[in-house]
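The lines below spell out each chain.
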Amino acid sequence: MDLRRALEAARPFWASNWLVIVAELSPVGNRNSTCGPACASCKLKRMNVHRILVTLLLVACCAATSLAQTTKRELTIEWIFGPEGRAVASVPTTAWLDDGTLVLLDNRRPAAERTFERLNPATGQRQPLVDAARALADLKRAADGINANTLSWPLAFDGPGSQALYIFKGDVFVLQFNNAQFRRLTTTPAEETSATFSPNGRRVAYVRSNNLYFFDLDTDRETQITRDGSETLLNGTLSWVYWEEVFGRRDIGYWWAPDSQAIAYLQSDESEVDLTYFVDFVPFSPRVIKQRYARAGRANPRVRLGITELGSDGRTWINLKDKPFEYIVRAKWLPDGRRLSVSTMPRVQTDLTLYFVDRKTGSATRVLTETDPGWVNMTDDLYFFNDGQHFLWPSERDGYMHLYRYRMDGKLENQVTKGPWALASSGGLPFWVRQALVGVDEKNNWIYFTALEQSSIERHLYRVRPDGSGFLRISKDRGTHRVSMPPDARYFLDRYSDVRTLPSLQLHASDGSLVRAIADARPQLLAPYDVQLPELSTIPADDGFQMPAAILKPKDFRSDRKYPVVMFVYGGVSAPQVSNAWQGDILWNQMLLNAGYVVAKVDNRAATGVSKTLENTVLKRLGEAETPDLVAAARWLKKQSWVDPARVGVWGWSYGGYMTLNLMTRSQEFKAGISVAPVVDWRYYDTKWTEGAMRTPQENAAGYESSSVIPLAKQLHGRLLIVYGTYDDNVHPYNELAFIDALIAAGKKFDMMAYPMRMHGISDEAATLHLYRLMLDFWKANL
């Protein structure tokens, strides 16, 4: 509120009192020369003026406050999904370098002021790594048609932080920080992908036309590593099912040896994998896009691992012929580079076996096998100690994810963490790829990890000795701490938020003491808006299990009124939507609150991430297992005095879209629902994810049939909006079309929106705005 508007607000007081003020001021300002400083009359007049001015100031302030409260800005969908709304919760992007310093790019700054900076945690010195203006000018020279106004975050930095790796228009570039110049490594008609630096930073590997190459930065020379790549034979790059389900949307198809002299790579033969087709609507003779997609019960890619010494034409194939497997799920070099660890799974996914492979011969030695009656979750928490004697291994063998210390021969040394709580990722990866180990300080004998020990809806940082002693929580504030550490684990970055507090970024010493704030939260960005914040609670399932819940209520909520409720669900195993963290959808939910709805999020027990025991409750019965919990949540909401029980809706995306269809066909609790990009029958979905929970259709035919919502279409209760993208390469449009066909056959009315050539996230600006306007209008019309 500025002074002018405050005074305008106080205009009525001025109008009625200005004559008094003038009268009182005049004698004081023109005091008779015979009047001394102690004149009683003048003192009285001065006191009157003081009282009037103080009163005027108070009235002006009150008027200003009142005006501020009545002139709050209105949130719009355009603002929420525009650059301002998306930036509200942003903090600088960061990466740790080999020497323990930190690279930052602060996207909160104006574009002209952004550049890569290096922060020394010990001294606090923060300085630019590169002249961004010069680098951008050089990019125009090096890459025709690129006209960027700010440096983007690269694919990678080299270990010393002297250069950054990019791909522009399918060609590989290296930005050299010392001279702010882009060095172009490739100029080819075919696109390069999956580029990485070698550990010593002097080589760059990449994939072209499904063959693996490396470029030597010192000799300025490219070398082709593989030559048999084709449309169906992939070297160093991943088939879709591996990219999505095994490596969590990261194209990790090769691994540099620590000495930068060899590469291990995955070769995938997709020739027997089913083809899926997507038909574009342009050009006028539409193009057809093909995808190799491994469906439940059908053929997977056949995979094997090779090791090639750079500079040599040969390769060594890892020998696992007498050790049957379906998936190679992880590979990691041991610190000395003489052996490679490889983890494999059978198709049933009930066990995971770790092997050590000799670099020269390819011979494999089994180290241990992890088992689970449901399926074994994959993690990135395998850690080899530099002493060459021990490694850390994550396991859910007692029902909770914990760390165990093993000797190199596979004999258990000790359990490191224990208790009725699980290690949990603090963020950065898809939920189905676990990474809770954030650092190991071998010098001081500490292991650092994030876990749910305080609460299933919070993430905290802990440390413990390798022998299991000294367990200590380091983060103190209630909420969610997303943590990263440098190689020496002397410091940690904490991206902290809670359900009512925007994210901030702070640098701490490893003992938890604050070193400095990197980026404060910015509540001022939301100050002009009446943003309502969630209330965290629990909702009981039928058997008393307390399901985490978050409830948002409209401004001026009154408990003696009846409100319609929009319930958001996901429901997938260990994919909680309720957390004591700033919620990415909070601004969108304001649109529903402003329209008079209460918004509720609920996690059924399998979704909470609390334990593997709860995860396994869905085994062979997806949809059926989760539905009773979420129906119980709806019934509990209906019993609240402030809920209109005839006006409860539900919506979700992906697995949440599937659960929306389950809830609207297996119950009659919902008046309306929106299902975005849903699976409708697990025979349409991929092998790795589906068969872990459901086994194959051949083994569990009855389970697949009962988990399908297609036969349930005739039981649809409530108004339904189905939304999908016609180029969804994750949940294929066959899903929606099959359910729509069943609705038509059953004579059921419904609404539908198809977004042409959009993928699973329907994420471009025009489609996003259209979709959220559509959903808001749907709720207003049907709930």
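Residues numbered from 1 in each chain as written. Predicted model: local features only at pLDDT ≥ 70, side-chain atom pairs only at ≥ 80, totals over all residues. Heavy atoms only, no water.

### Observations regarding helix H12 (residues 687-694)
In terms of burial, H12 is largely enclosed, as 8 of its 8 residues are buried. The set of residues buried in H12 consists of Thr687, Lys688, Trp689, Thr690, Glu691, Gly692, Ala693 and Met694. Capping the start of H12 is the job of one residue whose side-chain oxygen sits 3.2 Å from the backbone nitrogen of Lys688: Asp686. In the segment just after H12, Arg695 is the residue with positive phi, at about 60°. (Buried < 20%, exposed > 50% of the residue type's maximum accessible area, 1.4 Å probe, protein only. Helix = DSSP H or I, 4+ residues; strand = E, 2+ residues; numbered from the N terminus. Polar contact = N/O pair within 3.5 Å; in protein donor to acceptor, adjacent residues only side chain to side chain.)

### Some remarks on the sheet that holds strand E7 (residues 171-176)
Paired through backbone hydrogen bonds, the strands of a sheet run either parallel or antiparallel to each other. Strand order in the open sheet made by the 4 strands is E5-E6-E7-E8, with antiparallel pairing throughout. The sheet is open, and its two edges are formed by strand E5 (156-157) and strand E8 (181-184), each paired on a single side. Along the sheet, helix H6 (residues 132-142) makes contact with strand E6 (163-168), E7 and E8, crossing E8 at roughly 30°. (Pairing = 2+ DSSP bridges. Contact = heavy atoms within 4.5 Å. Axes fitted to C-alpha atoms, helices over the stretch in contact; angles between N-to-C directions.)

### Considering the environment of Phe215
Following the sequence through the fold, Phe215 ends up in strand E11 (residues 211-216). The class for Phe215 is buried, based on a relative accessible area of 4%. Linking Phe215 and Val172, residues 43 residues apart in sequence, is a C-alpha distance of 10.0 Å. Apart from residues no more than four positions distant in its own chain, Phe215 is found in contact with Arg183, Leu185, Arg202, Arg203, Val204, Tyr206, Asp220, Arg221 and Glu222.

### Examining the nonpolar core
Nonpolar side chains tend toward joint burial in soluble globular proteins. Counting residues in hydrophobic clusters, the biggest one holds 103 residues, and the most contacted among them are Tyr242, Leu305, Leu340, Phe391, Leu622, Trp682 and Phe739. The greatest single-element share of this core, amounting to 6 residues, is contributed by helix H11 (residues 655-665). Within the second largest apolar cluster, 41 residues are counted, among which are Leu552, Val566, Val599 and Leu776. (Core = buried A, V, L, I, M, F, W, Y, C linked by side-chain atoms within 4.5 Å.)

### Topic: the confidence of the model for the chain
Averaged over all residues, the pLDDT of the chain equals 92, while 91% of them reach at least 70. Predicted confidence for residues 1-38 stays below pLDDT 50, and this span has 36 contacts to residues more than four positions away or in other chains. This model gives residues 40-47 a pLDDT under 50, and the stretch forms 11 contacts once residues within four places in sequence are excluded. (pLDDT = per-residue confidence, 0-100.)

### Some thoughts on the pattern of salt bridges
Per the stated rule, a full pass over the model turns up 45 salt bridges. Here Arg208 and Glu192 are joined by a salt bridge, their closest N and O atoms 2.5 Å apart. One end of the pair, Arg208, is in strand E10 (residues 203-208); the other, Glu192, is in strand E9 (residues 192-197), with 16 residues separating them in the sequence. For Arg208, a relative accessible area of 9% corresponds to the buried category. A single network of salt bridges, built from pairs that share partners, joins Asp106, Arg108, Arg109, Glu117 and Arg126. (Salt bridge = Lys/Arg side-chain N within 4 Å of Asp/Glu carboxyl O.)

### Focus: helix H10 (residues 627-638)
When the terminal C-alpha atoms of H10 are compared, their 17 Å separation across 12 residues agrees well with the 16 Å that a helix rising 1.5 Å per residue should span. Counting buried positions along H10 yields 9 of 12 residues, so the element is predominantly enclosed. Burial in H10 covers these residues: Thr627, Asp629, Leu630, Val631, Ala632, Ala633, Ala634, Leu637 and Lys638. Those residues of H10 hidden inside the fold are in contact with strand E36 (535-540), strand E37 (546-552), strand E38 (563-568), strand E39 (598-602), strand E40 (643-653) and H11. (Expected span 1.5 Å × (residues − 1).)

### Describing the sheet that holds strand E24 (residues 383-384)
Read across the open sheet, the 4 strands follow the order E24-E25-E26-E27; overall the sheet is antiparallel. Every interior strand has two partners, whereas the edge strands, E24 and strand E27 (412-415), have only one.

### Considerations on the pairing of strand E22 (residues 351-358)
Among the 8 residues of E22, 6 are classified as buried, and the element is accordingly described as predominantly covered. Where strand E21 (residues 339-345) meets E22, 6 bridges bridge the pair, whose relative direction is antiparallel. Residue Ser343 lies in a different strand from E22, and its bridge partner there is Leu354. Hairpin remark: E21 followed by E22, antiparallel, with 5 residues in the connecting loop; positive phi at Gln349, about 65°. As paired elements, E22 and strand E23 (residues 364-371) share 7 bridges and run antiparallel to each other. Across the sheet, residue Val357 finds its bridge partner in E23, namely Ala364. The loop that links E22 with its antiparallel partner E23 comprises 5 residues; one of these, Gly362, has a positive phi angle of about 80°.

### Concerning empty space enclosed by the protein
In total, this model carries 2 cavities of 30 Å³ or more according to the counting rule given. One number sums up the size of the largest cavity: a volume of about 210 Å³. For the largest cavity, the lining is made up of 15 residues, of which Trp375, Asn377, Trp432, Lys688 and Trp689 are closest to its centre. The element best represented in the lining of the largest cavity is H12, accounting for 4 residues. Counted as a void, the second largest cavity has a volume near 50 Å³. If you trace the second largest cavity, you find it lined by Pro534, Ala550, Leu552, Val578, Ser579, Gln583, Asp585, Ile586, Asn589 and Lys601. The set of elements that each furnish at least two residues to the lining of the second largest cavity consists of E37 and helix H8 (586-594). (1 Å grid on protein atoms, 1.4 Å probe; cavity = no way out; pocket = protein on both sides within 12 Å on 5 of 7 lines; lining within 4 Å. Points joined across faces, edges and corners; volume = space filled by probe spheres on them.)

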